[in-house]
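# Secondary and tertiary structure notes
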Amino acid sequence: MKDLNMYYPRLYSLFAQIPKPEIDKLVIRQFETGEALAFKGHLFQHIFIVLDGICDVINQLDNGTDIITLKLTFGDMIGVSESVFNNMNYIASVKACTPVMVAEMENAVFKRWLISFPCFVDFVLKNLVTRLHYTADLSANCQTSAPKINLAKYFIDRYNVEFSTSSPAYHGSVRIQETHEMIGTFLGMSPRTVERHIRTLKEDGLISMAKGKVYISPSQYQELLNLVASNL
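Here's what I pulled together on the structure shown here. Here the structure is a predicted model, which is why all the values come from computation and not from measurement. (Residues numbered from 1 in each chain as written. Predicted model: local features only at pLDDT ≥ 70, side-chain atom pairs only at ≥ 80, totals over all residues. Heavy atoms only, no water.)

Attention now moves to the packing of helix 6 (residues 147-164) against helix 9 (residues 218-229). One can describe the packing of helix 6 onto helix 9 by two numbers: an axis separation of 9 Å at closest approach and a directional angle of 140°. As the angle between them shows, helix 6 and helix 9 are arranged oblique. Two packed elements cross with a definite hand, and for helix 6 against helix 9 that hand is left-handed. Only Pro218, Tyr221, Leu224, Leu225, Leu227 and Val228 of helix 9 make contact with helix 6, whose side of the interface consists of Lys148, Ile149, Ala152, Lys153, Phe155, Ile156, Tyr159 and Asn160. Its residues assigned to classes, the contact of helix 6 with helix 9 comprises 11 nonpolar, one polar and two charged. (Axes fitted to C-alpha atoms, helices over the stretch in contact; angles between N-to-C directions. Helix = DSSP H or I, 4+ residues; strand = E, 2+ residues; numbered from the N terminus. Parallel < 35°, antiparallel > 145°, perpendicular 65-115°, else oblique. Left-handed = near helix turned anticlockwise from the far one by under 90°. Contact = heavy atoms within 4.5 Å. Nonpolar A, V, L, I, M, F, W, Y, C, P; charged D, E, K, R; others polar.)

Turning to the nonpolar core, a few remarks are in order. Counting 41 residues, the largest nonpolar core has Leu11, Phe15, Leu37, Met77, Met105, Trp113 and Phe120 as its most contacted members. The contacts of Phe15, once residues within four sequence positions are left out, are Ile23, Ile49, Trp113, Phe120 and Phe123. (Core = buried A, V, L, I, M, F, W, Y, C linked by side-chain atoms within 4.5 Å. Buried < 20%, exposed > 50% of the residue type's maximum accessible area, 1.4 Å probe, protein only.)

What follows covers the side chain of Gln177. Looking at where Gln177 falls in the secondary structure, it is placed in the loop between strand 9 (174-175) and helix 7 (180-187). In this structure the side chain of Gln177 is engaged in a polar contact, spanning 3.1 Å, whose partner is the side chain of Arg175. Here Gln177 is in contact with Lys71, Cys97, Thr98, Glu162 and Lys213, once residues within four sequence places are set aside. (Polar contact = N/O pair within 3.5 Å; in protein donor to acceptor, adjacent residues only side chain to side chain.)

This is the structure in structure tokens:
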């Protein structure tokens with residue numbers, strides 16, 4: 001079990017202009033891999049600030065298929081849209097895809113900080129705008145090339161997200177968390193098409209496979225970048 005108090009310095013670094021006694025009112029919580037932080041349609045209760053690990057924002061399409069629309073890492077927030085729009089329920093599900101540490105904030109505290117601390121307003125706005133542009137850019141870029149290249153772009157993005165949460169000393173491969181079905185839904189491909197292009201990328205030495213999951217090493221990441229650059 002981690003010492004949860006060790007994460008308060010991360011909060012102090014994020015909000016250097018907010019008095020420490022205010023920050024100390026936030027509760028540090030730990031979620032294990034696969035555990036849900038929020039369920040779509042369930043009662044909205046808290047704002048979360050991600051301090052460590054990776055979360056998936058999951059929405060369900062009309063046909064019942066789950067799609068990961070965004071991956072959240074250090075500094076990202078959960079529940080802001082619900083608070084701003086005074087939603088009673090969460091508008092999307094959020095699940096930990098690695099062990100995750102968050103700071104839990106009461107909605108009333110969130111609204112008070114927005115009034116009391118301009119630096120917090122800037123933080124929230126930058127977080128929302130960055131995520132908006134990131135999501136739009138990724139979706140657009142992964143639709144502009146041949147399916148194999150779009151898949152390579154997707155793997156490049158996921159590699160960057162996964163690697164960003166690794167320790168600075170880590171130089172090994174990273175695992176792509178999403179299933180073939182989730183990848184296909186995001187890219188507009190059937191699972192069979194995704195599997196075919198994954199096999200091709202593996203045969204080309206651009207990715208590796210183990211127990212049905214895609215792994216990408218730093219050298220393979222560079223080769224994926226070269227593949228995309230040569231097909232622009």
